[in-house]
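What the coordinates show
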Amino acid sequence: MASFFLRRKLLFSSSSFLGNKDHFRLYFQSNFECLGAASNKLHPYSSYKGATTNDFTDLTCPHTWYPQARRKHRKVILHVGPTNSGKTHHAMKKLESSASGLYCSPLRLLAWEIANRLNKAKVPCDLITGQERDEIDGAKHKAVTVEMADVTSDYQCAVIDEIQMLGCNTRGYSFTRALLGIAADELHLCGDPAAVPLIQEILKVTGDKVEIQFYERLSPLVPLNVPLGSFSNVRTGDCIVTFSRRDIYRLKKKIEIHGKHLCSVVYGSLPPETRTRQASMFNDESSEFDVLVASDAIGMGLNLNISRIIFSTMTKFDGFETRDLTVPEIKQIAGRAGRYGSNFPVGEVTCIDAEDLPLLHSSLDAPSPILEHAGLLPSFDLLYMYSRLHPDSGFYQVLEHFIDNAKLSANYFIVNCDQLLKVAAVIDEFPLRLQEKYLFCISPVDMDDEISSQGLTQFAENYAKKGLVQLREIFTPGTLTVPKTPAALKELESIHKVLDLYVWLSYRLEESFPDRELAASQKAICNLLIEEFLERLGWQKPIATRLPSRKISRLSQHMRRYL
Ligand SMILES: Nc1ncnc2c1ncn2[C@@H]1O[C@H](COP(=O)(O)OP(=O)(O)OP(=O)(O)O)[C@@H](O)[C@H]1O
Ligand SMILES: [Mg+2]
């Protein structure tokens, strides 16, 4: 599986390092904020208020970690209601008319949608995600993925979309941090009514003023009593939902074989740039791609031209086990059909198999379970203090002990730290400072992906030994091969993840990861090869042995600069 990567072993090379690691600089300051720090320099133990002085594992007062927001006494407006009820729209109207603003999204795709919308409305807006900085001249607004939310500047207005994600077992802490930490005069929260009691409870101690606005669906969503049955019944505007890459390709082929439709695909491990292009092709009426096959990567807040959602399965493997979809997941995904203002004024939802219909119908009728806890992650500052009490322990042990001993108030839980612990176990081998280890731990590496975890290990090792990590080209003319099998495609997706990780690190350790431009260019080539694979997957296109000339010229433009 890892052959592509291993054949090109030491894709990442180190070379002698003239600078030093004191140039370590974090673009992303947020994890160094708990003690009131705005940089990686530790500040006096000033703003942190635990119940017991000097107990660094005391996380009972996380609202005290954000003094700038606490000085504000914010006006917080909760926009809650079902999907497609205009929650984001109303919050965005306020953001658009504000002198400065911050929009926080759970998805890169959604952050892109919002940045485009603001720029089109002549409100210059930067787009900032972990791996992108698209800065517009004179912009006073930013659309960001929630992990990048800025808690160190003042804003007139801010929006946190899909706020119910603060209960998410892995990413919840980023939503909690944005909720407690954004220093905006007016903070708009959009999401499921199930989050209201928890947010009210959390904000009781912040001094903020909370208002709630309830919304109703703007256009009907009709659960059908008839399953899809045959794939010959698929029609323009349908979106078939499934959760594994293998099933996505299988369904795309099955639909296209009837010769009536071409399918765009969107799923989580597809590079974000490719996802955006696939979604745009589906949304574009003039394109031939009129059906979408997608995973729950489309499930939040997005506005796609979908007429009917068709669940191919009501179960999902969540990394641990195969389980039924939850009520909120079913409602979120179903809510993509019949978006207000789209080509389809009425949305429909059904399943491929009749036996799945009862769960679909009962879930759409059920309220989402009330959220009880918001996620937290121990900040670097606290871990650092704690580590000083345990000077002989590695980072893995510090983290593990900290989590075991952490004290929390009733409103919070510590998010699942398995990925962090996996990274910590690997990088404890290398002579890195604690803050460097922490940075690698919070990087967007997928430790369950062999190639991705190897990439991280090589980056960390080279950084520790030489302080400089240079990238070699992966794609040279001899290696420009469009993947022929889903397994080869998966390998390419993994390489994309490694390049993405390089870019992420390059924004935080700028001098030690100098080849951002090369990584971005290689990522673009990776995207083109993946897109070519997706295009050829359909039955209509005969499999060519060479890349079409228009693609070759786009590729060579990227490569000429590096060969
Ligand atoms: N008052 C309005 N005028 C014009 N268009 C609107 C209005 N309200 C909502 N829309 C449009 O309807 C669509 C759905 O609205 P929006 O995305 O705000 O819903 P939502 O409640 O946030 O949905 P979700 O829960 O899925 O995120 C969007 O395309 C939005 O631009
Ligand atoms: Mg929304």
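Conventions adopted
- Numbering of residues starts from 1 in each chain and follows the order in which that chain's sequence is written.
- Here every chain gets a letter starting at A, and every ligand a number starting at 1, in the order they are written.
- Local features in this predicted model are restricted to residues of pLDDT 70 or higher, and side-chain atom pairs are both shown and tallied only at a pLDDT of 80 or more, whereas totals for entire chains, interfaces and linings draw on every residue.
- Secondary structure elements are defined from DSSP: runs of H or I of at least 4 residues count as helices, runs of E of at least 2 residues count as strands, and each element is numbered from the N terminus.
- Whether a residue is buried, exposed or partly exposed follows from its count of other C-beta atoms within 10 Å of its own C-beta, namely 20 or more, 12 or fewer, or something in between, respectively; the C-beta atoms are built from the backbone.
- Contact definition: two residues whose C-beta atoms, as placed from backbone geometry, lie within 7 Å.
- Two strands make a pair as long as DSSP finds a minimum of two bridges between them.
- Each axis is a line fitted through C-alpha atoms, taken for helices only over the stretch in contact, and angles between the N-to-C directions span 0 to 180 degrees.
- What fixes the domain bounds is an automatic or database domain assignment.
- When residue character is reported, Ala, Val, Leu, Ile, Met, Phe, Trp, Tyr, Cys and Pro are called nonpolar, Asp, Glu, Lys and Arg charged, and the others, Gly included, polar.
- Using a C-beta atom placed from the backbone, a residue is scored as near a molecule or strand whenever that atom is within 6 Å of it.
- A set of buried residues drawn from Ala, Val, Leu, Ile, Met, Phe, Trp, Tyr and Cys, joined through C-beta atoms within 7 Å, is what defines a nonpolar core.
- Working definition: roughly parallel below 35 degrees, roughly antiparallel above 145 degrees, roughly perpendicular at 65 to 115 degrees, and oblique for all remaining angles.
- When the strands point away from the viewer and the connection leading from the first strand across the helix to the second strand turns clockwise, the crossover is called right-handed.
- Multiplying one less than the number of residues by 1.5 Å gives the expected span of a helix.
- UniProt positions are given in the numbering used here, feature names are shortened, and annotations may be inferred rather than shown by experiment.

Here the focus is the overall build of the protein. In terms of regular secondary structure, the protein is built from 18 helices and 20 strands. Burial analysis of the protein (563 residues in total) assigns 46% to the buried set. Within the protein, residue pairs in contact and separated by at least 24 positions form 75% of the contacts whose partners lie at least 6 positions apart.

As for its placement among the helices and strands, Tyr-249 is situated in helix α7 (residues 245-256). Considered as a pair, Tyr-249 and Val-159 are 90 residues apart in the sequence and their alpha carbons are 36 Å apart.

Our next topic: the sheet that holds strand β5 (residues 132-134). Read from one edge to the other, the open sheet built from eight strands follows the order β5-β4-β6-β3-β7-β8-β2-β9, with strand pairing classed as mixed. Edge positions in the sheet fall to β5 and β9 (209-214), since each has one partner strand and no second. With direction set aside, neighbouring strand axes in the sheet form an average angle of 15°. Note that strand β4 (residues 125-129) and β5 share three bridges and pair antiparallel. Bridge pairing links Thr-129 to Glu-132 in β5. Lying over the sheet, helix α3 (residues 87-96) contacts β2 (75-80), β3 (101-105), β6 (141-145), β7 (154-160) and β8 (183-191), oriented at roughly 165° with respect to β8.

Turning our attention to the domain arrangement of the protein. For the protein, the assigned domains read domain 1 (3-34 + 418-560), domain 2 (62-214) and domain 3 (221-365). Between domain 1 and domain 3, the residue contacts involve 14 residues of the former and 15 residues of the latter. Mapped onto the side of domain 1 that touches domain 3, the elements with two or more residues apiece are α16 (486-508) and α17 (516-537). Top element by residues in the side of domain 1 that touches domain 3 is α17. It accounts for seven residues. Along the lines of polarity and charge, the residues of the side of domain 1 that touches domain 3 split into six nonpolar, four polar and four charged.

What follows concerns the site of ligand 1. Taken together, 15 residues are adjacent to ligand 1, and Gly-86, Thr-88, His-89, Gly-301 and Tyr-340 come closest. Ranked by residues supplied to the shell around ligand 1, first place goes to α3 with three residues. A per-class count over the shell around ligand 1 returns three nonpolar, 10 polar and two charged. In this structure, the shell around ligand 1 is formed jointly by two domains, domain 2 (62-214) and domain 3 (221-365), each of which donates at least three residues.

Moving on, we get to the nonpolar core. Formed by 152 residues in total, the largest nonpolar core has its most connected members in Ile-160, Ile-163, Ile-182, Leu-292, Ala-294, Ile-309 and Tyr-502. With 10 residues, the top contributor of residues to this core is α16. Ignoring any residue separated from it by four or fewer positions in sequence, one finds Ile-182 in contact with Ala-69, Leu-102, Ala-149, Val-151, Tyr-155, Ala-158 and Leu-187.

What follows deals with the packing of helix α11 (residues 380-389) against helix α12 (residues 395-405). Interaxial distance between α11 and α12 falls to 10 Å at its minimum, and their mutual angle equals 105°. In terms of orientation, α11 lies roughly perpendicular with respect to α12. Residues Leu-383, Tyr-386 and Ser-387 of α11 form the contact with α12, whose participating residues are Val-398, Leu-399 and Phe-402. Looking at the contact of α11 with α12, its residues break down into five nonpolar, one polar and no charged.

Of all the six residues making up strand β13 (residues 289-294), five are buried; the element is thus mostly covered by neighbouring parts of the structure. Where strand β12 (residues 262-266) meets β13, five bridges bridge the pair, whose relative direction is parallel. Bridging across to β13, Val-266 finds its partner in Ala-294. Handedness of the crossover joining β12 and β13 through helix α8 (residues 272-283): right-handed.

What follows covers helix α15 (residues 450-466). Between its terminal C-alpha atoms α15 stretches 24 Å, which fits the 24 Å expected from 17 residues at 1.5 Å a residue. Of all the residues in α15, the buried ones are Ile-451, Ser-452, Gly-455, Leu-456, Phe-459, Ala-460, Asn-462, Tyr-463 and Ala-464.

We now examine the sheet that holds strand β14 (residues 308-311). Spatially, the six strands line up as an open sheet ordered β10-β17-β14-β11-β13-β12, and their pairing is parallel. The open sheet terminates on both sides in strands that have one partner only, identified here as β10 (221-223) and β12. Between one strand axis and the next, the sheet turns by 25° as a mean value, whatever way the strands run.

With respect to the helices and strands, Arg-177 occurs in helix α5 (residues 172-181). Judged by the 28 C-beta atoms lying within 10 Å of it, Arg-177 falls in the buried class.

Attention now goes to the UniProt feature "domain: Helicase C-terminal" (unreviewed entry) in the protein. Here, UniProt's "domain: Helicase C-terminal" (unreviewed entry) annotation points to residues 210-384. With 26% helix and 23% strand, residues 210-384 has end C-alpha atoms that lie 35 Å from one another.

Right, let's get into α5. For α5, the tally of buried residues reaches 10 of 10 residues, placing the bulk of the element in the interior. Turning to α5, its buried residues are Gly-172, Tyr-173, Ser-174, Phe-175, Thr-176, Arg-177, Ala-178, Leu-179, Leu-180 and Gly-181. Lining the buried residues of α5 we find α2 (67-70), β3, β7, α6 (196-203) and β18 (374-376).

Bringing the environment of Leu-439 into the picture now. Assignment of secondary structure puts Leu-439 in helix α14 (residues 434-441). As a C-alpha pair, Leu-439 and Phe-513 span 74 residues in sequence and 14 Å in three-dimensional space.

This part covers unusual backbone geometry. At Asn-84, a residue that is not glycine, the phi angle is positive and equals roughly 60°. Note that Asn-84 resides in the loop between β2 and α3. The phi angle at Lys-122 is positive, at roughly 65°, despite the residue not being glycine. In this fold, Lys-122 is placed in the loop between α4 (108-120) and β4.

Put simply, helix α9 (residues 327-334) and helix α10 (residues 357-365) touch, their axes get as near as 9 Å, and they point 90° apart. Taken as axis vectors, α9 and α10 run roughly perpendicular relative to one another. The segment α9 lies against α10, with Val-327, Ile-330, Lys-331 and Ala-334 engaging Leu-360, Ser-363 and Leu-364.

Here we take up the pairing of strand β17 (residues 347-351). For β17, a buried count of five out of five residues is recorded, marking the element as mostly surrounded by other parts of the structure. The alternating pattern of β17 places Gly-347, Val-349 and Cys-351 on one face and Glu-348 and Thr-350 on the opposite face, and all of these are buried. Note: β10 against β17, three bridges, orientation parallel. In the strand pairing of β17, Leu-221 is matched with Gly-347. By the bridge criterion, four bridges tie β14 to β17 in an arrangement that is parallel.

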